[in-house]
Amino acid sequence: MRNWLVGGLAAAVMLVGGCSRSDDKAPETGGPGPGGAKYTADITRTSLGIPHIKAQDFGSLGYGYGYAFAEDNLCVMQEDFITIRGLRARYFGRDGSYTIQPNGVTANNVDSDFYWRSTATDEAIAPARDKTLADYKDVTRGFVDGYNRYVRELKAGGHEGRHAACRAADWVFEIEENDMYRRYLRLALIASGSVWINEVATAQPPPLPPSGSSAAAARAKSAAEPSAEQKAAALRSDPGPFRFFQREKTFGSNMYALGKDATTDGRSVVYGNPHFPWIGTERLYLAHATIPGKLDIMGASLYGVPAVLIGFNDHIAWTHTVSTAYRFTFYELTLNPLNPRQYLYDGKLRDMVAVPVTIQVRNEDGSLSEATRTLYKTHYGPVLVLKAAGIPILGWNNLKAYALRDANAENDSLINQFARWNQAANLDEFIRAQAEVLGVPWVNTVASGPGGKVYYSDVTVVPNVPDSKVTTCQAIPLHQVVQLLAPGLPLLDGSRSACEWDSDEDAPRPGIFGASNLPKIQRDDWVHNCNDSYWLTNPAEPIEGYAGIIGDERSARSLRTRLCIQQITKRLSGTDGRPGNRFDIPTLQDVVLSSQILSAQMERDTVVGTLCRLPVLVGSTGPVNVAAACEALKNWDMKANLDSRGAHVWREFYRNVAGPLLPLPIGPENPLLYLTPFSASDPVNTPRGINVLLPMVSVAFADAVKAVADAGFAPDAPLGEIQHPGFIDKSIPVFGGEGFEGAFTIANSGPISADGYNIDYGNSYIQTVTWGSGGVEAEGFLTYSESTDPANPHFSDYTREYSAKRWHKLPFKAADVEADAIRKYSLSE
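Residues numbered from 1 in each chain as written. Predicted model: local features only at pLDDT ≥ 70, side-chain atom pairs only at ≥ 80, totals over all residues. Heavy atoms only, no water.

1. Things to note about the pattern of salt bridges
- One pass over the structure, following the stated rule, counts 51 salt bridges.
- Between Arg-651 and Glu-741 there is a salt bridge whose closest N-O contact spans 3.0 Å. With Arg-651 in helix α19 (residues 647-658) and Glu-741 in the loop between β29 (723-725) and β30 (747-748), this pair connects stretches of sequence that are 90 residues apart. Here Arg-651 matches Glu-741 in class, with each residue buried.
- One network of salt bridges, in which partners are shared, links Arg-45, Glu-71, Asp-72 and Arg-823. (Salt bridge = Lys/Arg side-chain N within 4 Å of Asp/Glu carboxyl O. Helix = DSSP H or I, 4+ residues; strand = E, 2+ residues; numbered from the N terminus. Buried < 20%, exposed > 50% of the residue type's maximum accessible area, 1.4 Å probe, protein only.)

In structure tokens form, the structure reads like this:
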């Protein structure tokens, strides 16, 4: 480590003064120069590669951002541009696939192309493109031009050694402005339309009945559909895309906002910690954007978005977590049995809209061929066919079909929302902008400012389907089947106009709830969210009375949410083992990276005390000697730090308990697992008391011990020898646990293997923000570093700092940026 630090310091000095590496020199200046240039931007890279872009106008700001971003992440971003143009099969062939990491959906290249060609059309992106604020149209256009400049330089032989994975590829070419608006749409649909890529892309109607057939004959042919009970059983065995909507999904986050009553000095604090993928384009990119007198904002953005999505300045700080609200509904269509491409609406037949789509496919010999498929849309949206275990759950026969209406496909204000927030002068303006624009697609928000209250909201794009409408419009019996895996998601009758979404007077667009009907709260002490619903934002003031499509109330919380709350309440009661009973920044930073495991705090002693009375337990494949594992767990610190010994044994045990061994999932959904059931009057501490007498609990324990042994790890091995990045530098150890076991500090992988735990998800951009007499004070991490290019010096440097828990100041003031500069360059065109 010492040699690395010395080398890093030497490199920093060389970069400021100029260096022999070709890519560290200032880029060649294009265009007429600063005096008559269309764009002029100054970029300062500070420690760990953070770009600080300064410009005099919004177009130049986007230009500098686009260039800097392409330096760091060209190949990953370009593949996504190719994907949402519907060109994967054209460049990568038929035999390949693409995964949208946040929702976990994988589509083969052909189906992916058909979906995006039918979804991200010029007509689909036109409303958002046309409505985007003029300044952010300029930012978007500038980003395209800056990105394209870097592409031209790379293709001309510049930036030697960089982007080896794609620099010579034919799919690396200059992008267009519409590629950016397609990207914005793609991000808006993460929690809605794109969850159903395969179901939309492959939906095909049944054949038309033979000429002369009767409606009765067509109905009789469709009557052999599986029953609702059969469909429910199939969904339980094969949840498919519904996994994204289950409680402890990987795509999540933690956040706190601490007010004057919760801090030692009365200053408000905002803590953000999204749990995002460590691979793909939903990584976060940390940057600082400045236009003197107009804009000064620092923080993180999803790849390809030249606006700060989680960030701070001297006036405001905010962060997000993934919300429980649904952004879409299904509609059940009653069809014309003699023409299943027509559906009944208020007693009249409507034609579905046929959407023929043609894509190009690269063959094995390099030649291109064409493939054509006709998809179908209704006035609600696309028709889809959902199967589970081979059974059509939402099928398409001569009687019924199903359509998807997606509120975020109609969201024309995503960029405008963050544009307004990036320029907000105070918390009140921030809150007002959220209600007026209502463009946040799928995340909760907490925010605060210097000396202000703390604010929580789920003021987001949600279909306006109050509970009363669900009662009168639910499509029986399949609505109840859907509730098994997605409680609160409506399946509505599509044959009646009365079942269309409502509209609120204060909503900026029809069909969604206005801010007055969405959850929010301000307090002087604290608010939080850790991916459960809004209900227990602060247990002292539960938020209740909102539509079920937004979230659940008076129901059990996840283990992670309970730990989120307990970390605050124990601190404020002085019972967390630390001095005092309030937060300061060092204490908060210690708490959030402490890597506690709540399930172990609750249940370890009972499990070990009962199951470890005998040295051998019977697992699902036979006897297992558990003595060494029991000894490791007895001595384990019940955390997931690098030096924690036994954490992996407990994780595999809880993974088994959470999985298929029990008839229902772990925790609040399984009334058998805990001896003390959930109580709405004590939601932070219940349910509890694992029922270790259940035979399957001992089987789960024995199987966990065997899994660890089969992977080749000792039960008392330190976690730092087992857990590491899967896609960065595997020599870097990573701390943290998984949500299902009650971790707050998140590092997600799959089950243990001979390679240990390969982390591909978890803590990503982390910020602690407060304000002093000199303005904003922020520290943080970008856990997977700024660049996805292994040749980039910032490919893994921040990851090493995170591994060591070395918080870094995020330089915001001009003097701090100057003092921390490692490289400077100017761009003009």
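2. Focus: the environment of Asn-426
- With respect to the secondary-structure elements, Asn-426 resides in the loop between α11 (414-422) and α12 (427-437).
- The exposure class of Asn-426 is partly exposed, given its relative accessible area of 35%.
- Between the C-alpha atoms of Asn-426 and Pro-450, which are 24 residues apart in sequence, the distance is 8.5 Å.
- Discounting residues that sit within four places of it in the chain, Asn-426 has contacts with His-315 and Ile-316. (Contact = heavy atoms within 4.5 Å.)

3. A few points about the sheet that holds strand β8 (residues 295-302)
- The strand order across the open sheet built from 10 strands is β23-β21-β20-β10-β9-β8-β7-β2-β1-β36, with neighbouring strands paired in mixed fashion. Only two strands of the sheet have a single neighbouring strand rather than two, namely β23 (520-523) and β36 (821-828). Strand-to-strand twist across the sheet, computed as the mean angle between neighbouring axes with direction ignored, equals 20°. (Pairing = 2+ DSSP bridges. Axes fitted to C-alpha atoms, helices over the stretch in contact; angles between N-to-C directions.)

4. Let's talk about the confidence of the model for the chain
- In this model, the chain carries an average pLDDT of 93, and 93% of its residues clear a pLDDT of 70 or more.
- This model gives residues 661-668 a pLDDT under 50, and the stretch forms 28 contacts once residues within four places in sequence are excluded. (pLDDT = per-residue confidence, 0-100.)

5. As for the packing of helix α17 (residues 598-611) against α19
- At a closest axis distance of 12 Å, the pairing of α17 and α19 adopts a crossing angle of 95°. Our classification of the angle between α17 and α19 gives roughly perpendicular. Here Ser-599, Ala-600, Glu-603, Arg-604 and Val-607 of α17 come into contact with α19, specifically with Trp-650, Phe-653 and Tyr-654. (Parallel < 35°, antiparallel > 145°, perpendicular 65-115°, else oblique.)

6. Focus: the side chain of Arg-604
- With respect to the secondary-structure elements, Arg-604 resides in helix α17.
- Of the polar contacts made by the side chain of Arg-604, one reaches the side chain of Asp-605; its length is 2.7 Å.
- Here the side chain of Arg-604 touches Trp-636 through a polar contact of 3.1 Å, landing on its backbone oxygen. (Polar contact = N/O pair within 3.5 Å; in protein donor to acceptor, adjacent residues only side chain to side chain.)

7. Topic: the packing of aromatic side chains
- The final tally for this structure, using the stated rule, is 50 aromatic pairs.
- Each ring, one from Phe-92 and one from Trp-171, has its centre 5.3 Å from the other, and the planes form 75°; the classification is edge-to-face. Note that Phe-92 is positioned in helix α3 (residues 88-92) and Trp-171 in the loop between α6 (134-155) and α7 (177-188), a separation of 79 residues in sequence.
- Ring pairing ties together the aromatic residues Trp-196, Phe-242, Phe-244, Phe-245, Phe-251, Phe-276, Tyr-326, Phe-328, Phe-330 and Trp-442, which thus form one cluster.
- Taking NZ or CZ as reference, Arg-651 lies 4.4 Å from the ring centre of Tyr-757, over its face.
- Cation over ring: Lys-805 sits above Phe-735, and NZ or CZ is 4.8 Å from the ring centre. (Phe/Tyr/Trp six-rings, centres within 6.5 Å; stacked < 30°, edge-to-face > 60°. Lys NZ or Arg CZ within 6 Å of the ring centre and 35° of its normal.)

8. Points about the state of the cysteines
- Considering all chains together, one arrives at four disulfides under this definition.
- With a sulfur-sulfur separation of 2.1 Å, Cys-75 is cross-linked through a disulfide to Cys-166. Disulfide Cys-75-Cys-166: the torsion about the S-S bond is -80°, which places it as left-handed. Taken together, the residues Cys-75 in helix α2 (residues 58-84) and Cys-166 in the loop between α6 and α7 connect sequence positions 91 residues apart.
- Counting only the cysteines that take part in disulfides, in the order they occur along the chain, gives the pairing 1-2, 3-4, 5-6, 7-8. (Disulfide = S-S within 2.5 Å.)

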